[in-house]
Amino acid sequence: MAGGRLDWANASSLATGGGTVLLATATYASVRSANRAARAAERSLLAGLRPALLPSRVQDPEEKVGYADGHWVAVPGGYAITEIAAETIYLAVALRNVGQGLAVLHGWSIGPARDADANAPEEREFRLLRRDIYVPAGDTGFWQGAFRDTDDEVFRVVRRAIERQEVLTLDLLYGDHEGGQRTISRFILACDDANGPRLASAARHWNLDRPEPR
């Protein structure tokens, strides 16, 4: 104000500047709110696709599992089969998907007992399945694998562990049907009957495509 008169040009500039600041603040808040809503919607969508595998329950029906060579095994609910033939080891576990999405099994790694807290194998250490195995959400299914190369060191190690009735550790790599949310679940396969199948129990889960839950 000069000589008691208001400088309308300055006042107009200040008002415009203040309005711009208010508009920018409102826009920033709106964008943050929209981003939070988008992230919440994405988490909700992913949760609807997320599988989670555990051993099936002992009261669940047995799984009849066939192999490429025509061999068949029957796996009781909650158990695993580790069967040695002349030059083949047949493996299978009865599973239940307690998640909300279809589980697609990709690969596996098995060996003598590991500490339940030991790190998961690297992705390159998994043996890829020759075909996808699916376990529906809220339903039962199975995993199967086989060793056929008698010169494979893991073949000899696993065969020796089975013959000695030692505990085995199985790691399964799987994800949702969109190819994401890959998870590694560790199962402990222990003998509770020398002449029967092995009791399967879940020990640990790791996330590959999202933060760890712990």
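Preceding block: the structure.
One structure accompanies this document, and this report is about it. Every chain begins its residue count from 1, and numbering advances along the sequence as written. Restriction of local features to residues with pLDDT of at least 70 applies here, the model being predicted, together with a cutoff of 80 or more for giving and counting side-chain atom pairs; totals for whole chains, interfaces and linings are based on all residues. Each side-chain value is derived from all of the structure's non-hydrogen atoms; neither hydrogens nor water enter the calculation.

Some words on the overall build of the protein chain
- Starting at the N terminus, helices and strands are each numbered in turn, a helix being any DSSP run of H or I of at least four residues and a strand any DSSP run of E of at least two. For the protein chain, the count of helices and strands is two helices and 11 strands.
- Ordering the α and β elements of the protein chain from the N terminus gives α-β-β-β-β-β-β-β-β-α-β-β-β.
- In this scheme, a residue with accessible area under 20% of its type's maximum is buried, one over 50% is exposed, and one in between is partly exposed, where area comes from a 1.4 Å probe on protein chains only. Out of the 214 residues in the protein chain, the part that is buried amounts to 36%.
- The contact definition used throughout considers only heavy atoms, calling two residues in contact when any of these lie within 4.5 Å. Considering only residue pairs separated by 6 or more positions, the protein chain has 64% of its internal contacts joining residues 24 or more positions apart.
- Using the Shrake-Rupley algorithm and a 1.4 Å probe, accessible areas are obtained, with residue cover drawn only from the displayed protein chains. Counting only carbon and sulfur atoms, one obtains 52% of the accessible surface of the protein chain, whose full area is about 12200 Å².

Overview of helix 2 (residues 153-163)
- Listed in full, the buried residues belonging to helix 2 are Phe 155, Val 158, Ala 161 and Ile 162. Seen end-on, helix 2 carries its buried residues on one side only, within an arc spanning 135°.
- For the purposes of these results, a polar contact is taken to be a pair of N or O atoms within 3.5 Å, where, inside protein, one atom must be able to donate a hydrogen and its partner to accept one; residues adjacent in sequence count only when each atom of the pair is a side-chain atom. Of the residues that open helix 2, the one with a side-chain oxygen 2.9 Å from the backbone nitrogen of Val 154 is Asp 152.
- Once helix 2 finishes, Gln 165 follows within two positions and takes phi at roughly 60°, a positive value. It is the directions from the helix axis to the C-beta atoms whose arc is reported.

Considerations on the environment of Glu 87
- Looking at where Glu 87 falls in the secondary structure, it is placed in the loop between strand 4 (79-84) and strand 5 (89-97).
- Glu 87 sits in the exposed class, given a relative accessible area of 55%.
- Glu 87 sits 63 residues away from Thr 150 along the chain, and the two C-alpha atoms are 6.3 Å apart.
- When near neighbours in sequence (up to four residues on either side) are disregarded, Glu 87 contacts Phe 147, Arg 148, Thr 150 and Phe 155.

Some details on the pattern of salt bridges
- By salt bridge we mean one thing: a side-chain nitrogen of Lys or Arg within 4 Å of a carboxyl oxygen of Asp or Glu. Using the criterion set out here, one finds 10 salt bridges in the structure.
- Glu 123 is the partner of Arg 182 in a salt bridge, and the nearest nitrogen-oxygen pair spans 2.7 Å. Highlighted residues: Arg 182 in the loop between strand 9 (168-175) and strand 10 (183-191) and Glu 123 in the loop between strand 6 (103-112) and strand 7 (127-135), separated in sequence by 59 residues.
- Each of Arg 57, Asp 60 and Arg 96 takes part in a single network of salt bridges with overlapping partners.

Remarks on the nonpolar core
- Grouped together as the largest cluster of nonpolar side chains are 26 residues, with contacts concentrated most on Leu 105 and Trp 143.
- Residue assignment for this core shows that the elements contributing at least two residues are strand 5, strand 6, strand 7, strand 8 (140-147), helix 2, strand 9 and strand 10.
- Contacts of Trp 143, omitting those with residues within four sequence positions, involve Leu 91, Ala 92, Val 93, Leu 95, Leu 105, Trp 108, Leu 129, Ile 133, Leu 170 and Leu 172.
- One finds Tyr 67, Tyr 90, Ala 92 and Ala 94 within the second-largest nonpolar core, a separate group that totals nine residues. In this description, a nonpolar core means a group of buried Ala, Val, Leu, Ile, Met, Phe, Trp, Tyr and Cys residues linked to one another through side-chain atoms lying within 4.5 Å.

What to know about the packing of aromatic side chains
- Note on aromatic contacts: the rings of Phe and Tyr and the six-membered ring of Trp form a pair at centre separations within 6.5 Å, being stacked when their planes are under 30 degrees apart, edge-to-face when over 60 apart, and tilted otherwise. With the rule as written, the count across this model stands at three aromatic pairs.
- Every member of this aromatic cluster is reached through a ring pair, and the members are Trp 108, Trp 143 and Phe 147.
- Directly above the ring of Trp 72 sits Lys 64, whose terminal nitrogen or CZ lies 5.4 Å from the centroid.
- Look at NZ for Lys and CZ for Arg. If either is within 6 Å of the ring centre and within 35 degrees of the ring normal, a charge sits over the ring. The ring of Trp 108 has Arg 127 lying over it, and the distance from NZ or CZ to the ring centre is 5.8 Å.

Details of unusual backbone geometry
- One non-glycine residue, Gln 165, adopts positive backbone phi at about 60°.
- Within the secondary structure, Gln 165 is located in the loop between helix 2 and strand 9.
- When its relative accessible area of 41% is taken as the criterion, Gln 165 is described as partly exposed.

Section: the side chain of Thr 183
- Relative to the elements of secondary structure, Thr 183 occurs in strand 10.
- Under the relative-accessibility criterion, Thr 183 is labelled buried at 5%.
- Of note is the side chain of Thr 183, whose polar atom sits 3.2 Å from the backbone oxygen of Gln 181.
- Sequence-distant contacts of Thr 183, defined by excluding residues within four places in its chain, comprise Leu 172, Leu 173, Tyr 174, Trp 206, Asn 207, Leu 208 and Arg 210.

Things to note about the environment of Leu 105
- Mapping Leu 105 onto the fold places it in strand 6.
- Placed 70 residues apart in sequence, Leu 105 and Gly 175 show a C-alpha to C-alpha distance of 6.7 Å.
- Contact partners of Leu 105, with chain neighbours within four places excluded, come to Leu 53, Leu 95, Leu 129, Asp 132, Ile 133, Val 135, Phe 142, Trp 143, Leu 172, Leu 173 and Tyr 174.

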